[in-house]
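# Remarks on the overall topology
If you want the building blocks of each chain, they are given just below.
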Amino acid sequence: MLKHVLPFLLSPSGMESSAQEVQAFSVHTLLEIIKKANGSTLRPFIPELVERLIGLLSSLEPEAVNYLHLNATKYNLTEQKIDDMRLSNIRSSPLMEAIERCLDLLDDETMQRLQPKLENAMKSAVGLPSKVGASRVLVSLSTRRLAVFRQFVDHFLKLIEKLILDRNETVASSYAVAAGYLARAASDKQLLRLIEFAKALYFDSEGDRESVTPRRSITSGEVIFATAKHAADRFGSVAASVVPFVFVAKHDPNEQVKEQFQNAWNESVGGSRAVALYLSEIVSISDKHLDSPQWVLKHTSARAVADAVTVVASLESKISTETARALWPTLEKALGGKTWEGKEVVLSAFAKFVESASAEYVQQPAVSSLVVKIASREAKRQNAAYKPHAIKCIGQVALALRDTDMSETVLTIVRPVLEDASEGEPMEVDGDNGGQKAEDLKRATLAASVESLLASINPG
């Protein structure tokens, strides 16, 4: 009987009818059949049913929702709020319940026939409900029906790489979550491919950083976080390939990007010991992207290597010669170039490095002379917000390099500050004050100058 009824219900005379009453009756009848039919009767029709039901999620969505989405600002709403409501409706939708019922009845042969139908539904989906619904099907298959779905996991993970670049944030996020669930059963090769895909989204997406919302970088973080959260064991098995990347990317200046990678770091085994374990990989990634033409990647890498130095210094009473030798070239590179907002964290790490690195390494003439040169160069910069940090840093360096007399160098740098203060003159500085009052900056610079001068005169 179903052989005759289902084709009719799925035809233009049924669910696709222009008459709303006919359409509503057909959908209701179809859902009742799916709900009450036994498995052996329904199973032959499951592939087409799932494909069509995914499409119906969008076509049956009230037109008013699309209108609201396009005119959200008129009603003091955001597109994201509307999408969140749509997401909630999809989860509780009778159509989704029917799809889940079909998935529960799958066997190996039916899954084989479902694979191309599901793929087609994913590729041809137009509206948000259908796209999100398709991603939820993947989650259900990977959690509840893995026995029949396992052989198709790699295939669908590859497909997600294309679909996850959707312009809609909710759709992209939904597919990122699905990728995390599928990673549980993916082959090692496909899992590593997923990680490399995420890295490429972050490092190589041309034009992404010029956007107000760097969508591809956020998606990269969402994929990594979803994998760390939903496939923790698999994430741990490829930790050497992903943890160093997560550490670097969690220093991104964009809060949305940073949040995703910070969540992934917290979700995984990330911690001080992880930094020490993967130090060479972290340094390698940072060093490479310090040469990037994108300022965001330069600054992210600089912050990352600075944090790595600080963490290592906190773990050891003295940074070993071997570790210092690995860190110094990249830290030196991070200190190069003009000032930028937040560069003071690199200065702080520089001072910590000089204080904590073994005397055997840092007292080498080639190293110590370069350290003095860098500290002096940074202290001479005229950026108002940066100057107090730079002058404080040279004092810390002078105190750490006990065998190097830096008093004349420090005095030359701080004398103008001290003279201006004694004469009551305002500091002549370039650059943006970053919202701080000039007087507060003047006091901070003066305090740093006095502190550094004393440190240089009394290195012991």
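One can find the structure itself at the top, above this paragraph.
Residues numbered from 1 in each chain as written. Predicted model: local features only at pLDDT ≥ 70, side-chain atom pairs only at ≥ 80, totals over all residues. Heavy atoms only, no water.

Considering the arrangement of structural elements, one finds Lys387 in helix H25 (residues 387-400). A C-alpha to C-alpha distance of 9.0 Å links Lys387 and Ala448, two positions 61 residues apart in sequence. Excluding residues that lie within four positions of it along the chain, Lys387 makes contacts with Ala379, Lys380, Arg381, Gln382, Val417 and Thr445. (Helix = DSSP H or I, 4+ residues; strand = E, 2+ residues; numbered from the N terminus. Contact = heavy atoms within 4.5 Å.)

Glancing now at helix H4 (residues 46-59). Owing to its 3.6 residues per turn, the α-helix brings residues three or four apart onto one side. Taking 1.5 Å of rise per residue, 14 residues should cover 20 Å, and H4 covers 20 Å from first to last C-alpha, within 8% of that figure. Judged by how many residues are buried, H4 sits mostly within the fold: 10 of 14 residues are covered. All of the buried residues along H4 are Ile46, Pro47, Leu49, Val50, Glu51, Leu53, Ile54, Leu56, Leu57 and Ser58. On its buried face, H4 is in contact with helix H1 (2-9), helix H2 (20-36), helix H3 (39-42), helix H7 (94-104), helix H8 (108-124) and helix H9 (128-144). (Expected span 1.5 Å × (residues − 1). Buried < 20%, exposed > 50% of the residue type's maximum accessible area, 1.4 Å probe, protein only.)

With that out of the way, let us pick up the layout of surface pockets. Here the largest pocket defines a volume of roughly 460 Å³. Lining the largest pocket are 21 residues, and of these Leu87, Thr170, Ser173, Ser174 and Val177 sit closest to its centre. Those elements that place two or more of their residues in the lining of the largest pocket are helix H6 (79-91), H9, helix H12 (169-182), helix H14 (215-230) and helix H17 (255-267). By residue number, the principal contributor to the lining of the largest pocket is H12, which donates six residues. Residue classes in the lining of the largest pocket are distributed as six nonpolar, eight polar and seven charged. (1 Å grid on protein atoms, 1.4 Å probe; cavity = no way out; pocket = protein on both sides within 12 Å on 5 of 7 lines; lining within 4 Å. Points joined across faces, edges and corners; volume = space filled by probe spheres on them. Nonpolar A, V, L, I, M, F, W, Y, C, P; charged D, E, K, R; others polar.)

In this section: the packing of aromatic side chains. The tally for this structure, following the rule as stated, stands at nine aromatic pairs. Taking the centre distance of 5.7 Å and the plane angle of 35 degrees together, the rings of Phe149 and Phe156 count as tilted. An aromatic cluster of at least three residues, connected via ring pairs, comprises Tyr202, Phe203, Phe245 and Phe261. Against the face of Trp295 rests Lys298, its NZ or CZ located 5.6 Å from the ring centre. Geometry around Trp295 places Lys338 over its ring, the cationic atom sitting 5.6 Å from the centre. (Phe/Tyr/Trp six-rings, centres within 6.5 Å; stacked < 30°, edge-to-face > 60°. Lys NZ or Arg CZ within 6 Å of the ring centre and 35° of its normal.)

Bringing the environment of Thr300 into the picture now. Examined against the element boundaries, Thr300 turns out to sit in helix H20 (residues 295-315). Looking at Thr300, the relative accessible area reads 1%, which means it is buried. Setting aside its immediate chain neighbours within four residues, Thr300 contacts Tyr202, Val248, Ala249, His251, Asp252 and Pro253.

Turning next to the packing of helix H16 (residues 239-249) against H20. Axis separation between H16 and H20 bottoms out at 8 Å; the angle between their running directions is 110 degrees. Of the possible angle classes, the one that applies to H16 and H20 is roughly perpendicular. Across the interface between the two elements, Phe247, Val248 and Ala249 from H16 touch Thr300, Ala304, Asp307 and Ala308 from H20. Classifying every residue of the contact of H16 with H20 by side-chain character gives five nonpolar, one polar and one charged. (Axes fitted to C-alpha atoms, helices over the stretch in contact; angles between N-to-C directions. Parallel < 35°, antiparallel > 145°, perpendicular 65-115°, else oblique.)

Applying the stated rule across the entire model yields 22 salt bridges. For the salt bridge of Arg113 with Glu109, the shortest nitrogen-to-oxygen distance reads 2.9 Å. With Arg113 and Glu109 both in helix H8, this residue pair falls four residues apart, about one helical turn. Given the relative accessible area of 31%, Arg113 is considered partly exposed. Taking the relative accessible area as the measure of exposure, Glu109 reaches 46% and is therefore partly exposed. One salt bridge in this structure joins Lys123 and Glu119, with 2.9 Å as the shortest N-O distance. A residue pair is termed a helical-turn pair when its members lie 3 or 4 positions apart in one helix, as Lys123 and Glu119 do in helix H8 at four residues. Lys123 gets classed as exposed once you look at its relative accessible area, which sits at 54%. The exposure class assigned to Glu119 is buried, which follows from its relative accessible area of 15%. Salt bridges here are not isolated pairs; linked through shared partners, they connect Lys343, Arg377, Glu378 and Arg381. (Salt bridge = Lys/Arg side-chain N within 4 Å of Asp/Glu carboxyl O.)

Here H16 crosses helix H19 (residues 279-289) at 55 degrees, and the two axes come no closer than 9 Å. Judged on the interaxial angle alone, H19 and H16 are oblique. Crossing handedness for the pair H16 and H19: right-handed. Contact with H16, carried on its side by Ala240, Pro244, Phe245, Phe247 and Val248, involves Glu281, Ile282, Ile285 and Ser286 of H19 and no other residues of that element. Residues that form the contact of H16 with H19 fall into these classes: seven nonpolar, one polar and one charged. (Left-handed = near helix turned anticlockwise from the far one by under 90°.)

With 148 residues, the main nonpolar core has Leu138, Phe350 and Phe353 as its most contacted residues. In terms of residue count, the dominant contributor to this core is H20 (10 residues). (Core = buried A, V, L, I, M, F, W, Y, C linked by side-chain atoms within 4.5 Å.)

So, on to the side chain of Ser140. With respect to the helices, strands and loops of the structure, Ser140 is situated in helix H9. In this structure the side chain of Ser140 is engaged in a polar contact, spanning 2.8 Å, whose partner is the side chain of Glu100. Once residues within four sequence positions are removed from consideration, Ser140 is found in contact with Glu100, Leu103 and Arg145. (Polar contact = N/O pair within 3.5 Å; in protein donor to acceptor, adjacent residues only side chain to side chain.)

We now examine H25. For H25, spanning 14 residues, the distance from its first C-alpha to its last is 20 Å, which sits close to the expected 20 Å at 1.5 Å a residue. Counting buried residues along H25, 10 of its 14 residues qualify, which places the element largely inside the surrounding structure. Along H25, the residues classified as buried are Lys387, Pro388, Ala390, Ile391, Cys393, Ile394, Gly395, Val397, Ala398 and Ala400.

So yeah, pure geometry; function would need other evidence.
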